[in-house]
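A look at the structure
Okay, here's what each chain looks like letter by letter:
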Amino acid sequence: MVLFGVLIGTLFLTTRYGAITLSLDEISTSLHKWISGNEFQNLNERIFLNLRLPRAILCVWVGASLAVGGTLMQALFRNPIVEPGLVGTSSGAAFGAALYFVLGATFHFNTGEWTLPLVAFLGGLTATLLVFLLSQSKDTGKSSVVLLLLIGIAINAVFISGVGFLSYIARDPQARSITFWSMGTLSGANWHSVMIVGTSTILCILVALRFANQLNALMLGEQEAIMLGVRINRLKLIVLSVNVLMIAVATAFVGVISFVGLVVPHLLRMVCGSDNRHLIRNSALLGGILLSLADLSARMMVRPAELPIGIVTAFVGVPIFIVLLRRKNYIF
Amino acid sequence: MLRAENISFQIGKRILLHDISVDFSSGKINLILGANGAGKSTLIKILSGMIPPQSGNIFYGNQNIKQIKPYQLAQSRAVLSQNIDVSFPLTVWEVVLMGRYPFFRGAPSAKDKAVCEETITYFDLQEFRHRNYATLSGGEKQRVHFARVAAQIWLPQKQEGNYLLLDEPLTFLDVYYQFDFMNKLCDLVKMHGWTAVGVVHDLNLAGKYGDHITLMYDGRILTQGEKASVLTKENIYKAYGLYTETVLENNSVRLHF
């Protein structure tokens, strides 16, 4: 409840401040015109309705997706160092995007504004499927979770090298696009992306909440969870699919944003424990808040230009994270 | 009643269980004994449904385990194993509440909470309930899990009573808590009519508390029955290769090594 209030407050801040500061009047009249369907909007009102508001909302969806993805993956792998990109989703998406930046024009692969999200999504999906297929081991008898983790690391390395290779052969402006995209930016936000990312985020969180108890049971280990009636393979499949959908869709629109998925679950575990029922809901809220604040600082610090948001999340997130981890009363 | 019928299990060419048939009756403490590698833990895993047998059948009451859905089985069968590590900070209360997970989706009902309160009281864990599980000692952790497992099968589901399987539950307990644990187990089994089936290593504890003993050797059942008839010098020598003296007094068998 507190988090929800903070989220609303943050939304207010992020929509009001930026390259230019909007007055409260302008916000209220533009909201009013929006609801009543009034098309006659002045410049500031249009900035609010067509740039600030979709960007702020997209930011919340993406932050929620990343944080919930992190929570789910940490619970599934029973490992606090896991982040949502672990199964290859975000590096695959980055590779897809790089492919488009460098070779898109040459091969005339272009379907308008949707091309970049589409190739990024496909890249993320491909990498993730590759990780899953390679980690299927019926006969080796190895612990499938550890195998999945290691294959994930390997596939991530391959795709990151792929991005590196593409930047190497790219011309300068292309290389800049790749760099910018792999550090994340929300500047492309519009109402379409808000709808699409919003749908996947809400859907996935609702599904995840249904499996919160089973993920809790998994904290005792796979065998104990099975003995509590959990169908473990079904649980893995569902949670991984949810994570891939959420992360691939979010990454496809805003690029790779690191660290939110890792930090948010830890912050919450310290404050309100590890019960996934609360953790999933709260990490959606806190993820939204933190990413909104990060986006606000990314826009404010070098105004009127923008920093890539991934830089802000890493520079602010890492020190906080390390301080928290070193606290005595956080035992994991 | 829990029954194993002609259970066999092998990994590669190594036969772990060879045509095992045994009945475990309710309201009794049934103990499985045998040297390392005799197949005790494998048998417990198959009995609990964690791994399916390659041939043979397991019956809970008169229901074949193959016909019971995992969550239904979890409502009447609990398993206590050893050395469970939790990957994230959890309070003792949260761990105990997990015993009720087969019964609720979303939030626990008042009944689920009441059951957990009862088991927490029963196992003297009131002072620990808000403690982080990871900060407890090995013995305290095992008590928490006993409370969790008890909460899982605290309320009767069917007429024949619930099932408790124990896989070396005493490993990390000191002598005092080993006896404390077995006394509590005895009381609970009598009180709730559970069918308790467990693997233990301490032959004297088995001789004191076991109602029915299954002695295994090399994937087969050497002998089974009342403790006085199973825990004899000859059988112990066959199973463990150890010479012992056995004394029967006050309905408990004592072994001198």
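Below: a short report on this structure. (Residues numbered from 1 in each chain as written. Chains lettered and ligands numbered in written order. Predicted model: local features only at pLDDT ≥ 70, side-chain atom pairs only at ≥ 80, totals over all residues. Heavy atoms only, no water.)

Topic: the sheet that holds strand β4 (residues 55-60) of chain B
All names here are of chain B.
- Reading across from one edge, β2-β1-β4-β5 is the order of the four strands in this open sheet, with antiparallel pairing throughout. Each edge of the open sheet is held by one strand with a lone partner, namely β2 (14-24) and β5 (63-64).
- Pairing between β4 and β5: two bridges, direction antiparallel. Opposite Tyr60, over in β5, you have Gln63 as the bridge partner.
- Its contacts with the sheet place helix α1 (residues 40-48) against β1 (2-11), β2 and β4, and it is angled at close to 60° to β2. (Pairing = 2+ DSSP bridges. Helix = DSSP H or I, 4+ residues; strand = E, 2+ residues; numbered from the N terminus. Contact = heavy atoms within 4.5 Å. Axes fitted to C-alpha atoms, helices over the stretch in contact; angles between N-to-C directions.)

Points about the side chain of A:Ser292
All names here are of chain A.
- Note on placement: Ser292 falls in helix α13 (residues 276-300).
- Polar contacts involving the side chain of Ser292 include one to the main-chain carbonyl oxygen of Gly288, which spans 2.7 Å.
- When near neighbours in sequence (up to four residues on either side) are disregarded, Ser292 contacts Thr10, Thr14, Ala56, Cys59 and Val60. (Polar contact = N/O pair within 3.5 Å; in protein donor to acceptor, adjacent residues only side chain to side chain.)

What to know about the sheet that holds strand β3 (residues 29-34) of chain B
All names here are of chain B.
- Spatially, the six strands line up as an open sheet ordered β6-β7-β8-β3-β9-β10, and their pairing is mixed. Each edge of the open sheet carries a strand with a single partner, namely β6 (77-80) and β10 (220-225). When strand polarity is set aside, the average angle formed by the axes of neighbouring strands in this sheet is 15°.
- Contacts from helix α9 (residues 233-240) reach β3, β9 (212-217) and β10, with the element oriented near 40° to β9.

Some thoughts on the packing of helix α4 (residues 89-103) of chain A against helix α11 (residues 232-254) of chain A
All names here are of chain A.
- Following both chains from N to C, one finds α4 and α11 inclined at 35°, their axes separated by 9 Å at the closest point. As for the relative orientation of α4 and α11, their crossing is right-handed in sense. The segment α4 lies against α11, with Thr89, Ser90 and Ala93 engaging Val244, Ile247, Ala248 and Thr251.
- Taken together, the residues of the contact of α4 with α11 sort by class into four nonpolar, three polar and no charged. (Left-handed = near helix turned anticlockwise from the far one by under 90°. Nonpolar A, V, L, I, M, F, W, Y, C, P; charged D, E, K, R; others polar.)

Things to note about the packing of helix α5 (residues 115-135) of chain A against α11(A)
Residue and element names in this part refer to chain A.
- With their axes 8 Å apart at the nearest point, α5 and α11 run at an angle of 150° to one another. In terms of orientation, α5 lies roughly antiparallel with respect to α11. Note that α5 runs across α11; the crossing there is right-handed. Where α5 abuts α11, its residues Leu116, Pro117, Ala120, Phe121, Leu125, Thr128 and Phe132 lie against Leu240, Val244, Leu245, Ala248, Val249, Ala252 and Phe253.
- For the contact of α5 with α11, the residue count by class is 13 nonpolar, one polar and no charged. (Parallel < 35°, antiparallel > 145°, perpendicular 65-115°, else oblique.)

Comments concerning the interface of chain A and chain B
- With 25 residues of chain A at the contact, the number on the chain B side is 35 residues.
- Linking chain A to chain B there are one salt bridge.
- Applying the counting rule to chain A against chain B returns eight residue pairs in polar contact (both at pLDDT 80 or more).
- Contributing elements (two or more residues each) for the side of chain A that touches chain B: α3 (43-77), α9 (212-218) and α10 (222-227) of chain A.
- Of the residues in the side of chain A that touches chain B, the class split is ten nonpolar, eight polar and seven charged. (Salt bridge = Lys/Arg side-chain N within 4 Å of Asp/Glu carboxyl O.)

A look at the pattern of salt bridges
Residues and elements named next belong to chain B.
- With the rule as written, the count across this model stands at 14 salt bridges over all chains.
- With a shortest N-O distance of 3.5 Å, Arg3 and Asp23 are connected by a salt bridge. A residue pair is termed long-range when its members are at least 10 positions apart, and Arg3 in strand β1 and Asp23 in strand β2 qualify at 20 residues.
- Here Arg3 falls in the partly exposed class, since its relative accessible area comes to 27%.
- Residue Glu245 pairs with Lys233 through a salt bridge whose shortest N-O separation is 3.9 Å. With Glu245 in strand β11 (residues 245-249) and Lys233 in helix α9, this pair connects stretches of sequence that are twelve residues apart.
- Residue classification places Lys233 among the partly exposed residues on the basis of a relative accessible area of 40%. (Buried < 20%, exposed > 50% of the residue type's maximum accessible area, 1.4 Å probe, protein only.)

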